[in-house]
Amino acid sequence: MTPRDPDCLFCKIVAGEIPGDVVHETETTLAFRDIQPQAPTHVLVVPKAHHPNAVATAQADPQLMVDVVLAAGQVAEQQGLVERGYRLVSNTGQDAQQSVDHLHLHVVGGRALQWPPG
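Only a predicted model underlies this, so the values are computations on that prediction, with no experimental measurement involved.

## Regarding the overall build of the protein chain
Helix and strand counts for the protein chain stand at 3 helices and 5 strands. Helices and strands in the protein chain line up, N terminus first, as α-β-β-β-α-α-β-β. Taken over the C-alpha trace, the protein chain has a radius of gyration of 14 Å; the compact-globule value for 118 residues is 13 Å, and the two agree within 12%. If you line up the protein chain on its principal axes, its C-alpha atoms span 40 × 30 × 25 Å. For the protein chain, the proportion of its 118 residues judged to be buried stands at 37%. Within the protein chain, contacts between residues separated by at least 24 positions form 54% of all contacts whose residues are at least 6 apart in sequence. For the protein chain, the computed accessible surface area is about 7,100 Å², with 51% contributed by carbon and sulfur atoms. Treating the 7 positive side-chain charges of the protein chain as one cloud and the 13 negative ones as another, the clouds have centres 8 Å apart.

Next comes the structure, spelled out in structure tokens:
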């Protein structure tokens, strides 16, 4: 059975309890548009299983972490970001502004991005 947190916003989106603008889905991942986009393309890629961050995911299920990264690459390709470039972002913890304690990769692109961020 897939681990799930009943209070987690992203677990509820994965379960279909809360609608999301889904752009890509695999057996282990779901990708949907960010409701507060920071670029013309801003998609969140999450594992369907609940894990709080990238390190916890890699420790618990390394293949799932690979699945999330591969799904992010597929989203970037589907959204036409590969030629010009895009950014994958994973925030961990309060100081990094992680707003939901469920691993999510931000796929951000569609414009020139600044460095350093934030």
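That shown, we press on.
## Considering the layout of surface pockets
There is about 930 Å³ of room inside the largest pocket. Residue lining of the largest pocket: 33 residues in total, with Asp-34, Gln-38, His-42, Asn-91 and His-106 positioned closest to the centre. Counting residues per element, the ones that place at least two in the lining of the largest pocket are α1 (9–15), β2 (29–33), β3 (41–47), β4 (86–89) and β5 (105–109). No other element matches α1, which puts 3 residues into the lining of the largest pocket. For the lining of the largest pocket, the per-class residue count stands at 16 nonpolar, 12 polar and 5 charged.

## Details of the sheet that holds strand β1 (residues 22–25)
With respect to topology, 5 strands assemble into an open sheet ordered β1-β2-β3-β5-β4, the strand pairing being antiparallel. The sheet is open, and its two edges are formed by β1 and β4, each paired on a single side. Neighbour to neighbour, the strand axes of the sheet diverge by 20° on average, direction disregarded. Across 5 bridges, the pairing between β3 and β5 is antiparallel. Note that in β5 the partner of His-42 across the bridge is Val-108. Against the sheet, helix α3 (residues 62–78) makes contact with β1, β2, β3, β4 and β5, and its axis sits at roughly 155° relative to β3, the strand it touches most.

## Some points on the pairing of β2
Along β2, 4 of the 5 residues are buried, which leaves the element largely enclosed by surrounding structure. Sheet topology note: the β1/β2 ladder contains 3 bridges and is antiparallel. Looking at the pairing, His-24 lines up with Ala-31 of β2. Bridge count between β2 and β3: 5 bridges; the pairing is antiparallel. In the sheet register, Arg-33 faces β3, and the bridge partner there is Val-43.

## Remarks on the pattern of salt bridges
Applying the stated criterion to the full structure yields 3 salt bridges. Between Glu-17 and Arg-4 there is a salt bridge, and its shortest N-O distance comes to 2.8 Å. With Glu-17 in the loop between α1 and β1 and Arg-4 in the segment before α1, this pair connects stretches of sequence that are 13 residues apart.

Calculation rules
Residues numbered from 1 in each chain as written. Predicted model: local features only at pLDDT ≥ 70, side-chain atom pairs only at ≥ 80, totals over all residues. Heavy atoms only, no water. Helix = DSSP H or I, 4+ residues; strand = E, 2+ residues; numbered from the N terminus. Rg over C-alpha atoms; globule rule 2.2 N^0.38 Å. Buried < 20%, exposed > 50% of the residue type's maximum accessible area, 1.4 Å probe, protein only. Contact = heavy atoms within 4.5 Å. Areas by Shrake-Rupley, 256 points an atom, 1.4 Å probe, with all protein chains shown as cover. Lys, Arg positive; Asp, Glu negative; His and termini not counted. Charge placed at Lys NZ, Arg CZ, Asp CG, Glu CD. 1 Å grid on protein atoms, 1.4 Å probe; cavity = no way out; pocket = protein on both sides within 12 Å on 5 of 7 lines; lining within 4 Å. Points joined across faces, edges and corners; volume = space filled by probe spheres on them. Nonpolar A, V, L, I, M, F, W, Y, C, P; charged D, E, K, R; others polar. Pairing = 2+ DSSP bridges. Axes fitted to C-alpha atoms, helices over the stretch in contact; angles between N-to-C directions. Salt bridge = Lys/Arg side-chain N within 4 Å of Asp/Glu carboxyl O.

Purely geometric numbers; function is a separate question.
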